[in-house]
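# Summary of the model geometry
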Amino acid sequence: MLRNSRIFRIFLAAIAFGALHGSAFGEERAALDPDAGSIKRAVFANDALWLLTDDGRLSELVPDKGKRTEVTALGPVADICSSGGGLSALVQKKDHADRFTIFEFTIDGQWADVLNGLLFIDRPEGGPQAMLCPRDGEPVIVTREEMTHVGTDYFHMAALWRQKLKPALDKKFMPGPVLITAARDDGDATLVGYTQGEWGGGILRIDRRTGEVRNAQTLSDRQLKKLHDGSAPMPGDDSAKDVWLGNVNGIEPEPDKPGCFIVAQGLVHFMPDGELDELCHGKLKRLYSKRFERSTVAFFGLANIGGEIWAVGIDGLYRMKRDGTVDFKPRPEFHNVGGVWVNFDDPRFVLVMTEINRRNSLSGATPLLVPR
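Keep in mind that what you see is a predicted model, and the values were worked out from it rather than measured.

## So, the overall build of the chain
- Scanning the chain from N- to C-terminus turns up 3 helices and 31 strands.
- Burial status across the chain gives 55% buried among its 372 residues.
- A separation threshold of at least 6 residues defines the contact pool for the chain, and within that pool the share at least 24 residues apart is 46%.

Structural data, given as structure tokens:
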């Protein structure tokens with residue numbers, strides 16, 4: 001009876017939350033077309049906003065033109081990222097489900113094959129999960145079974161180096177159930193953040209030399225016990241002694257602190273939960289959380305802009321300054337451009353609404369933060 005009463009109270013709270021805040025997301029949600037609702041990646045490159053849907057369709061939105069244009073690639077696009085200010089796309093060959101190559105979109109509107117015809121081949125069930133474009137360096141592609149580095153050989157020709165993952169990622173990492181939200185370079189390893197909605201998430205650390213895969217957070221015996229018996233706290237729970245990695249929506253190197261990263265966590269499932277954390281050499285520490293109604297603010301985007309960390313929560317923008325203090329700006333007005341709700345007001349970044357998280361939670365429309 002007590003349990004049922006508690007569930008009923010949660011249900012009532014969820015209804016109240018929807019009544020209070022449904023209008024904040026309702027207008028954007030109503031105007032999203034089917035393509036816009038499934039945006040999984042947004043990148044600013046070549047003076048335009050590039051949007052990639054979950055089914056591999058790419059579109060371009062130029063701020064001054066005020067319209068969204070579908071861009072024809074040479075096959076379904078698995079992922080995109082910004083490389084040297086330009087757009088790089090991991091593209092599946094139309095006639096081979098298990099073959100992928102990397103193209104760059106040139107300023108004259110053409111696709112250039114980075115690999116000069118050298119195909120990236122992966123097992124069909126593996127499927128590319130994410131492509132990382134380091135600020136300095138060549139792209140890295142993560143699949144369920146291996147990591148592939150793109151570079152040049154002794155003769156300055158395009159070359160690929162593959163490293164088998166040990167162990168291979170769980171089958172839940174097949175495209176669909178898990179959304180890869182971030183990938184960052186950590187010296188000898190790549191950090192891969194992911195979310196499964198109400199089923200949690202985390203960060204994987206993949207050693208580029210050995211292919212070893214492990215959780216980026218080192219858990220104590222007490223944490224492992226709580227994880228096993230299901231008593232781990234929700235993100236933003238200030239009363240909890242331990243901090244846990246849950247639904248990770250962003251990873252950024254921490255300014256002036258080599259080897260450390262800022263992590264954005266956030267989920268809206270009936271009620272929002274989230275926080276900003278610091279991950280240093282396996283240790284996780286809560287840096288910031290804010291009460292929001294009966295819960296906490298969920299964060300869905302993160303970027304290092306001008307040496308400061310910016311995060312976007314469900315209620316607005318947060319700037320984490322170098323002294324550790326946090327400034328807040330209410331969520332700005334969004335504008336419908338080609339079925340996508342965006343905001344170009346700030347010259348440093350773009351805000352984009354997506355419904356990609358709805359497949360694993362009751363989040364509705366959530367914002368993405370895209371550095372220019």
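## Overview of the pattern of salt bridges
- A complete count under the given rule lists 18 salt bridges for this structure.
- A salt bridge links E278 to K257, with the shortest nitrogen-to-oxygen separation between them at 2.9 Å. Of this pair, E278 sits in strand β20 (residues 271-280) while K257 sits in the loop between β18 (248-253) and β19 (260-269), and the two are 21 residues apart along the sequence.
- The class of E278 is buried, set by a relative accessible area of 6%.
- Note that D346 is salt-bridged to R348, the shortest N-O span being 2.8 Å.
- Judged by its relative accessible area of 38%, R348 is partly exposed.
- A single network of salt bridges, built from pairs that share partners, joins E308, R319, K321 and D327.

## Observations concerning the sheet that holds strand β1 (residues 39-45)
- Sheet architecture is open: 4 strands sit in the order β1-β2-β3-β4, paired in antiparallel fashion. The open sheet has two free edges, formed respectively by β1 and β4 (67-71), since each of these has just one partner strand. Going from strand to strand, the sheet's axes swing by 25° on average, the running direction of each strand aside.
- Of the strand pairs in this sheet, strand β2 (residues 48-53) and strand β3 (residues 58-62) are connected by 4 bridges, and their pairing is antiparallel. Bridge pairing links W50 to E60 in β3.

## Some thoughts on unusual backbone geometry
- The linkage connecting K166 with the following residue, P167, adopts the cis geometry, with an omega of -5°.
- Secondary-structure assignment places P167 in the loop between β13 (158-164) and β14 (179-186).
- Of note in this structure, N46 is not a glycine but carries a positive phi near 55°.
- Relative to the helices and strands, N46 is located in the loop between β1 and β2.
- Taking relative accessible area as the criterion, N46 reaches 26% and is therefore assigned partly exposed.

## Considering the state of the cysteines
- Inspection of every chain in the model, using the stated rule, returns 2 disulfides.
- With its sulfur 1.9 Å from that of its partner, C81 forms a disulfide with C133. Of the two residues, C81 sits in strand β5 (residues 77-83) while C133 sits in the loop between β10 (128-132) and β11 (140-143), which places them 52 residues apart along the sequence.
- Disulfide pairing places C260 opposite C280 at an S-S distance of 1.9 Å. With the S-S dihedral at roughly 125°, the linkage between C260 and C280 falls on the right-handed side. Placement of C260 in strand β19 and of C280 in strand β20 is noted, with a sequence separation of 20 residues between them. Just as C260 is buried, C280 falls in that class too.
- Should the bonded cysteines of the chain be numbered as they appear in the sequence, the pairing reads 1-2, 3-4.

## A look at the sheet that holds strand β30 (residues 349-354)
- Taking strand neighbours across the sheet as the criterion, the 4 strands line up as β28-β29-β30-β31 in an open arrangement whose pairing is antiparallel. Only two strands of the sheet have a single partner each, and these edge strands are β28 (335-337) and β31 (366-371). Averaged over neighbouring strand pairs, the angle between their axes works out to 35° when direction is ignored.
- Relative to β30, strand β29 (residues 340-343) is paired through 2 bridges, and the arrangement is antiparallel. Within β30, the position partnered with N343 by the bridge is L351.

## Concerning the packing of aromatic side chains
- Tallied over the entire structure, the rule returns 7 aromatic pairs.
- Look at W50 and F105: their rings are 4.9 Å apart centre to centre, the planes differ by 65°, and that puts the pair in the edge-to-face class. Within this pair, whereas W50 is found in strand β2, its partner F105 is found in strand β7 (residues 99-105), the two being separated by 55 residues in sequence. As far as the burial class goes, W50 and F105 line up, both buried.

Parameters and conventions
- Residues numbered from 1 in each chain as written.
- Predicted model: local features only at pLDDT ≥ 70, side-chain atom pairs only at ≥ 80, totals over all residues.
- Heavy atoms only, no water.
- Helix = DSSP H or I, 4+ residues; strand = E, 2+ residues; numbered from the N terminus.
- Buried < 20%, exposed > 50% of the residue type's maximum accessible area, 1.4 Å probe, protein only.
- Contact = heavy atoms within 4.5 Å.
- Salt bridge = Lys/Arg side-chain N within 4 Å of Asp/Glu carboxyl O.
- Pairing = 2+ DSSP bridges.
- Axes fitted to C-alpha atoms, helices over the stretch in contact; angles between N-to-C directions.
- Disulfide = S-S within 2.5 Å.
- Phe/Tyr/Trp six-rings, centres within 6.5 Å; stacked < 30°, edge-to-face > 60°.

Function cannot be inferred from these measures alone, as they are strictly geometric.
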